[in-house]
Amino acid sequence: MNEGMLDGIRVLDLTMWAFCPSAARVLAEWGADVIHIENPNAPDPMRIFSGGSLEPNGAAWMFKHYNRGKRSLALNLASDEGREMLYELVRKSDVFITSFLPKTRIKLGFDVEDLKKINPKLIYAKGTGAGPLGPENLRGGYDAASWWSRGSLSSAAMAVTRTDTPPGMVGHGDGMSGAVFAGGICAALLKRERTGEVAVVDSSLMGTAAWFNAPAIIGAQLAPGAGMLGSYVDRSVSQWSGTWYKTSDTRFIYMSYLGDHQDEFEDLARLIEREELITDPRFDSTANRMANSQELMAILDGVFATKSLADWKTILLPSKGVWAPVQNAAEMTDDPMAIANGMIRKPANEPGTPVVVMPPVMFNEDAGPGKPAPDFGQHTDEILTELVGLDAARIKELRAARIIA
Amino acid sequence: MNEGMLDGVRVLDLTMWAFCPSAGRVLAEWGADVIHIENPNSPDPMRIFAGGSLEPGGAAWMFKHYNRGKRSLALNLASDEGREILYELVKDADIFLTSFLPKTRTKLGFDVDDLRKINPKLIYAKGTGAGPLGPENLRGGYDGASWWARGSLSSSAMTVTRTDTPPGMVGHGDGMSGMVFAGGICAALFKRERTGEAAVVDSSLMGTAAWFNAPAIIGAQLAPGMGMLGQYVDRAVSQWSGTNYKTSDNRYIYMSYLGDHQDEFEDLARLIKHEELITDPRFDSTANRVQNSQTLMAVLDDVFITKTLADWKTTLLPSKGVWAPVQSPEEMFDDPMAIANGMVRVPTNEPGTPVVVMPPLMFNEDAGPGSPAPDFGQHTDEILTKLVGLDAARIKELRASRIIA
């Protein structure tokens, strides 16, 4: 059972869009009480992006994905009352995570020093486009700019595909960077628990892209040809053991027989019913297969072209070596391993939510409960009653004044 | 200053290749004492991959990247003496991190229950291709297969670039998955610190790919056209505020003026010296710019093509809106923000190491010291003397019988 690694931790999540919200979702999935704070007059734009709305359950699906398991509080920080309520919450919180730029943090009174004065034990976590230091540290960032373009991934995608214009993004830099950011916050929580010392935690879209593309970035500094990843791979110079094969239904299987071990090759030959390859003098050892790789690849091309991807998936299931179907996004939802490990689940009790994707870490072999995302201001009354000690009359007043919603 | 979030934490890192080693490196960068354990007779294959060697300083650069800051112990676990030494180390360790498959873990006596008997407080962390549960939970995985192909990223790359065969990988799934895995391990450490409960932590290449590609995976289940990311984006239907512009030297600038705010547009018009656009009735409000987006894009195409990328970087530096150069991997370590924030650094004291890429987390605005990777067996004597209590004579004996190296 997943017992909530962060049970008892409270996170104030003053974030927008996707990168920092995604970090806070991971913390929520791991057991923290995460309060997503939005402006009553200008909610998180992700809620209404691409046709979403503020109606109950009406938020855009991307908002839901990056805000599951949180509570929602709508609080106007430009008012003195709103700021005082924030400070009251800060006293009762462990982590403050924000995506706001320094200028806004200072103007609205929630920069590091402001909040440290109120709660010296607070872990302050800020997500940025390109880091808190350096000549552009006041500039904003978004994933397509800071992660994909500046972070060298768009250029790597052009290189590996030989396209001559920058393509759309593969995967989502915001979500990936947020999952990493959450891990750093956990490290800081551990340090505080052990020593009482409190760190300021920073993570950036560009920094996460640099880590992701590190083999290409380091490789670019080596002698030509010594690099790895991020370059075009011509199949005519590939090894049979690390390439794709086309099936009869124009799908692809990727073979990853790294190291080309003899037992794995013999096992493969048996599974595809080509046992003669085992004793073929061109292919009877790792060294010979390497020397005759293109010939072997041509034979395997002939074999794989005879059956559909579905057939090959069944045939290769017991193989000793590593392979995978080149699977599309729609197929992920039906992958038996994705389902068994809770990477992807179909919720029974959330109309209009076809599929939930969970953070990729399991505790005690359980990916966690996976709760829904909050409606706009859904928990305002609950939070202000419980944590700020307001009564119903005061809540009504504040709502009338648009300080809360 | 980065004070080592994981100071005092010891990690036994019985891993190979890149995914799980990368998790170990992140823990090392964050202050843990990480001992990378290798077989004296069959070292981590990443050391000798692509021309590396076992000579001091000779390991492949990919090995170095994913093993910086660790100590190296060469220990044969197939021998009784070797296993006893491992168990002795387990007694004082906090984390046991492994990439080995269940069959090997059982055979060599280091599966969860074996080690929990010796140290009930041990956090056991296992990285897999596609998760510890489900029908294929005994199979191995590599990032080309489990992350890129099966995890739906290869297919997304084909779609966004309109290529008809699976391309090479963009970024490195091993490094990214290891980074996330390290975060989960920190969450489990925190839980243990608070409650004494020790969790088993799992993370997988495929699960991390699912998280990364979540918007495409969820989008694939929505009504056609509702999806986002993972699709080909025809520039003819793009908004001016979220697309690429070509420069005079055939490079690209990506504009990410999300929300198309009026003040940001006016600022841009001034920076590019086309103030007449501000009052142009086609472009004088967000609504009008959305309406006449293709016209504005054509105007901007003609503007951006007049200068080089370097010129535009200077011109646009003070802009209010978000943009970025489409940067190549080699340009990453001339990027002033990458350098200022310690994402990439050029080490002065490591001959043959042109550039170091750091984990994308800063504690107290410091990315950490960045120590070198260990040579093969570099710390065997030190570890066995200090942690296992062996004397020089015994170490000599064990080395002679290839139980250590």
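Residues numbered from 1 in each chain as written. Chains lettered and ligands numbered in written order. Predicted model: local features only at pLDDT ≥ 70, side-chain atom pairs only at ≥ 80, totals over all residues. Heavy atoms only, no water.

### So, the overall build of chain B
Counted only if it meets this: Starting at the N terminus, helices and strands are each numbered in turn, a helix being any DSSP run of H or I of at least four residues and a strand any DSSP run of E of at least two. With a 1.4 Å probe rolled over the protein chains alone, any residue whose accessible area is under 20% of its type maximum counts as buried; one over 50% counts as exposed, and the rest are partly exposed. Note on contacts: a residue pair is in contact if any heavy atoms of the two residues lie within 4.5 Å. Each accessible area is a Shrake-Rupley result for a 1.4 Å probe, and residues are judged covered by the shown protein chains and nothing else.
Along the backbone of chain B there are 18 helices and twelve strands. Once the C-alpha set of chain B is aligned to its principal axes, its extents read approximately 85 × 50 × 45 Å. A buried classification covers 61% of the 405 residues belonging to chain B. Considering only contacts within chain B whose residues lie at least 6 apart along the sequence, 68% involve residues at least 24 apart. For chain B, the accessible area works out to roughly 14,600 Å², and carbon and sulfur atoms hold 52% of it.

### Regarding the environment of A:Ser22
Within the element layout of this structure, A:Ser22 appears in helix α1 (residues 19-29). A:Ser22 sits in the buried class, given a relative accessible area of 0%. A:Ser22 sits 139 residues away from A:Thr161 along the chain, and the two C-alpha atoms are 29 Å apart. Discounting chain neighbours no more than four positions away, the residues touching A:Ser22 are A:Tyr66, A:Asp174, A:Gly175, A:Gly178, A:Ala179 and B:Trp211.

### Concerning the interface of chain B and chain A
We count it as follows: Whenever Lys or Arg places a side-chain nitrogen within 4 Å of a carboxyl oxygen from Asp or Glu, that contact is recorded as a salt bridge. Any N or O atom pair separated by 3.5 Å or less is treated as a polar contact, with the protein-specific requirement of one donor-capable and one acceptor-capable atom, and with residues adjacent in sequence counted only for side-chain atom pairs. Ten residues, namely Ala, Val, Leu, Ile, Met, Phe, Trp, Tyr, Cys and Pro, are considered nonpolar, four, namely Asp, Glu, Lys and Arg, are considered charged, and the remaining ones, Gly among them, are considered polar. Pairs of strands are assigned from DSSP output, requiring at least two bridges between the strands.
Listed per partner, the contact involves 141 residues of chain B and 140 residues of chain A. Across the chain B-chain A interface, the total number found is eight salt bridges. Across the chain B-chain A interface, the total number found is 35 residue pairs in polar contact (both at pLDDT 80 or more). Among the elements that line the side of chain B that touches chain A, the one with the most residues is helix α8 (residues 173-195) of chain B, at 17 residues. In terms of residue class, the side of chain B that touches chain A is built from 82 nonpolar, 41 polar and 18 charged. Bridging between strand β6 (residues 200-204) of chain A and strand β12 (residues 361-363) of chain B involves three bridges; their strand directions are antiparallel. If you follow A:Val201 over to β12(B), its bridge partner there is B:Phe363.

### Some words on the pattern of salt bridges
Any two side chains of opposite charge can pair, given that their charged atoms come close. Residue and element names in this part refer to chain A. On inspection of all chains with the given rule, the structure shows 55 salt bridges over all chains. The residue arginine 83 makes a salt bridge to aspartate 80 at a minimum N-O spacing of 2.8 Å. Of the two residues, arginine 83 and aspartate 80 both sit in helix α4 (residues 80-91), three residues apart, roughly one turn of that helix. Under the relative-accessibility criterion, arginine 83 is labelled buried at 17%. Across the pair aspartate 301 and arginine 235 runs a salt bridge, and its minimum N-O distance is 2.8 Å.

### With respect to the sheet that holds strand β9 (residues 323-325) of chain B
All names here are of chain B. The criterion, for reference: Between the N-to-C directions of two axes lies an angle of 0 to 180 degrees, each axis being a line fitted to C-alpha atoms and, for a helix, fitted only over the stretch in contact.
Strand order in this open sheet of three strands is β7-β8-β9, and the pairing throughout is antiparallel. Every interior strand has two partners, whereas the edge strands, β7 (242-246) and β9, have only one. Put simply, the sheet's adjacent strands are angled 20° from each other on average, direction ignored. Relative to β9, strand β8 (residues 252-256) runs antiparallel, the two sharing three bridges. Across the sheet, methionine 255 pairs through a bridge with tryptophan 323, a residue of β9.

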